[in-house]
Amino acid sequence: MISDRVLRELTNLLGPENIVTRRDDLIPYASDATHLSYMPDAVAFPGNAQDISRILVLANQEEFPVIPRGGGSGKSGGALPVRGGLVLSMDRFNRILLIDPINLIAKVETGVITSVLQEEVEKLDLFYPPDPASIKICTIGGNVAENAGGLRAVKYGVTRDYVLGMTAVLPTGEIIKAGVETAKGVVGYDLTRLLVGSEGTLAVITDVILRLIPKPASTRTMMALFHTVSAAVETVSEITRHKIIPTALELMDRLCIDCVRSELGMSLPPQCGALLLIEVDGDKALTKREAERIREICLQSGAMEFMAASRKREAEKLWEARRNVSAAVYKLRPDKVSEDVVVPRSRMAELSSFLDALGRKYNLSIAAYGHAGDGNIHVNILFDKNAPEETRKVDEVVRELFRKVLEAKGTISGEHGIGLTKAPYLDMEMSRPAIELMARIKLAFDPKGILNPGKIFPYRS
Ligand code: 2HG
Ligand code: ZN
């Protein structure tokens with residue numbers, strides 16, 4: 001609990017307009033896309049790195065938790081104030097400082113919404129590829145903290161692949177620069193890579209230098225329908241076997257299709273059990289050739305139907321429907337645990353049969369969709385938290401799923417991070433010495449454990 005005296009000090013530091021303590025005003029900051037809720041004591045809206053530094057110095061003195069927050073769209077509870085304390089909203093860090101078309105970089109404050117940055121760089125025929133499904137509400141800072149992926153990761157990689165450098169405030173208040181503003185740099189330990197994906201536990205990142213690439217000249221979007229998920233994911237392997245790496249290669253199973261059927265803007269046969277949304281990009285001749293080849297591969301692999309979007313609007317509708325799956329799945333049950341496991345592409349069919357059996361064994365609906373091109377499947381375990389016989393089973397279902405994924409040489413999280421929700425399972429994947437080493441790193445950055453406590457580590461923070 002932050003005392004009234006400390007709240008007064010925070011108010012003096014930031015000005016009364018930049019600190020919120022009224023219960024009603026705190027509610028939006030208590031929750032995120034996990035739908036879990038923990039009340040903070042206060043929310044601060046710092047305006048620059050110095051403000052954050054002063055807040056963190058005070059937090060060390062008075063020992064209260066500080067929890068950085070971007071758009072609040074996280075899926076693992078990274079922005080939740082699980083031990084109360086001060087939520088640090090990055091809303092005011094909303095400026096794009098530079099887009100440099102010669103050096104192919106952008107310098108961006110971390111509260112900038114990802115889609116806003118993308119629109120701005122695309123006006124200059126440049127491209128910032130990372131595109132989480134929550135692109136219209138998530139922030140660059142949240143993406144960096146979680147090392148977010150997205151639909152285009154299959155071809156273009158994840159956020160980490162685009163972060164060249166940053167300004168960060170350490171939990172003890174020092175402001176550091178990490179990385180470079182150039183195309184390359186190998187000076188010292190790679191602190192940039194360490195801080196990307198550190199889930200707000202090691203530093204508060206205030207601006208980043210991002211790598212840009214030229215905007216592809218054309219894109220083509222396609223949809224292939226299959227009787228089963230197995231047939232769809234076998235087709236994914238076939239596409240890569242033919243040395244084609246699409247921009248996006250997304251899967252939806254029958255449950256997900258049913259949830260967004262009306263939004264897809266194309267009528268689908270009722271017996272359709274899975275669909276792949278596929279996009280290729282590049283110069284016109286290449287995308288035409290690849291799209292034709294993909295059509296052949298899909299039909300040879302047993303696709304019931306293959307459609308190509310003929311207009312931009314048609315393609316946009318398909319992608320909007322895809323981005324909406326996560327929310328639309330709530331039509332099926334009031335609650336869900338949504339996982340983001342990754343298996344080698346070649347083992348997705350095995351994972352899909354396993355999920356069918358898992359759902360039957362526990363009598364729970366399990367919806368599966370996501371970034372099939374990466375082997376990254378969002379396994380959504382659906383339940384009703386008011387039905388104790390269902391909630392009781394969820395943890396065991398998650399454990400069985402993770403055991404299977406690890407046995408298949410996969411990982412328990414491909415893009416959402418460990419945060420709060422996956423902390424109890426971290427030691428299923430990481431050995432004790434590896435976790436202890438991470439804990440020592442955390443201690444070196446944050447000796448008093450004030451920055452985003454209760455995240456990542458299963459048995460200490
Ligand atoms: C997506 O790809 C997001 O739609 C959310 O990563 C996934 O809610 C989910 O399971
Ligand atoms: Zn995803």
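Quick caveat, the model's predicted, so the values are computed rather than measured. Residue indices follow the written sequence of each chain, beginning from 1 at its first position. Chain letters and ligand numbers both follow the written order, the letters beginning at A and the numbers at 1. It should be noted that, the model being predicted, local features are given only for residues of pLDDT at least 70 and side-chain atom pairs only at 80 or more, the latter also being counted only at that level, while totals for whole chains, interfaces and linings use all residues. Side-chain measures were taken over the full set of non-hydrogen atoms in the model, leaving aside hydrogen atoms and water.

Caption draft 1: The side chain of Thr139, seen in detail. Secondary structure elements follow DSSP: runs of H or I of four or more residues count as helices, runs of E of two or more count as strands, with numbering from the N terminus. Within the fold, Thr139 resides in the loop between strand E7 (126-127) and helix H5 (140-146). Polar side-chain contacts of Thr139 include one of 3.1 Å to the backbone nitrogen of Gly142. In the analysis that follows, any N or O atom pair within 3.5 Å is treated as a polar contact, provided that within protein one partner can donate a hydrogen and the other can accept it, and provided that, for residues neighboring in sequence, both atoms belong to side chains.

Caption draft 2: Expanded view of the coordination of the zinc ion (ligand 2). Coordinating donors are taken as N, O and S atoms within 2.8 Å of the metal, stretched to 3.2 Å for Na, K and Ca; because water is absent from the atoms, sites can appear incomplete. Of the protein atoms, only His371 (NE2), His378 (NE2) and Glu415 (OE) coordinate the zinc ion (ligand 2), at distances of 1.8 to 2.2 Å. Coordination of the zinc ion (ligand 2) draws on donor residues from a single chain, spaced H-x6-H-x36-E in sequence. Remark: Glu415 occurs in the loop between helix H14 (388-407) and helix H15 (426-429) and His371 occurs in strand E18 (residues 366-371); sequence separation between them is 44 residues. Given the relative accessible area of 11%, Glu415 is considered buried. The cut-offs for exposure are 20% and 50% of the maximum accessible area for each residue type, with area from a 1.4 Å probe on protein chains only; residues under the lower value are buried, those over the upper are exposed, and the others partly exposed.

Caption draft 3: Molecular detail of the layout of surface pockets. By volume, the second largest pocket amounts to about 650 Å³. Lining residues are those with an atom within 4 Å of a point, where the points come from a 1 Å grid over the protein atoms alone and group into cavities, where a 1.4 Å probe fits but cannot get out, or pockets, open sets with protein on both sides within 12 Å along at least five of seven lines. As for the second largest pocket, its lining consists of 28 residues, and the residues nearest its centre are Arg160, Gly197, Ser198, Glu199 and Met438. When residues of the lining of the second largest pocket are traced back to their parent elements, those giving at least two are helix H7 (191-195), H15 and helix H16 (432-445). Throughout this entry, Asp, Glu, Lys and Arg are counted as charged residues, while Ala, Val, Leu, Ile, Met, Phe, Trp, Tyr, Cys and Pro are counted as nonpolar. The remaining residues, Gly among them, count as polar. For the lining of the second largest pocket, the per-class residue count stands at 12 nonpolar, nine polar and seven charged. Counting the residues that make up the lining of the second largest pocket, at least three belong to each of domain 2 (96-214) and domain 4 (332-417). Grid points are joined across faces, edges and corners, and a volume is the space filled by probe spheres set on the points. For the domain bounds, the source is a domain assignment made automatically or taken from a database.

Caption draft 4: Structural detail: the environment of Glu296. Looking at the element boundaries, Glu296 is found in helix H10 (residues 284-300). A sequence separation of 128 residues divides Glu296 from Pro424, and the C-alpha atoms of the two residues are 45 Å apart.

Caption draft 5: Broad picture of empty space enclosed by the protein. Applying the stated criterion across every chain yields a total of one cavity of 30 Å³ or more. Each pocket or cavity is described by its volume, and for the largest cavity that value is around 50 Å³. What lines the largest cavity is Val229, Val233, Leu251, Met348, Leu351, Ser352, Leu355, Ala368 and Ile377. Those elements giving two or more residues to the lining of the largest cavity turn out to be helix H8 (229-241) and helix H13 (348-362). When residues of the lining of the largest cavity are assigned to their parent elements, the largest contribution, four residues, is made by H13. Grouping the amino acids of the lining of the largest cavity by side-chain chemistry returns eight nonpolar, one polar and no charged. Looking at which domains feed residues into the lining of the largest cavity, each of domain 3 (218-326) and domain 4 (332-417) gives three or more.

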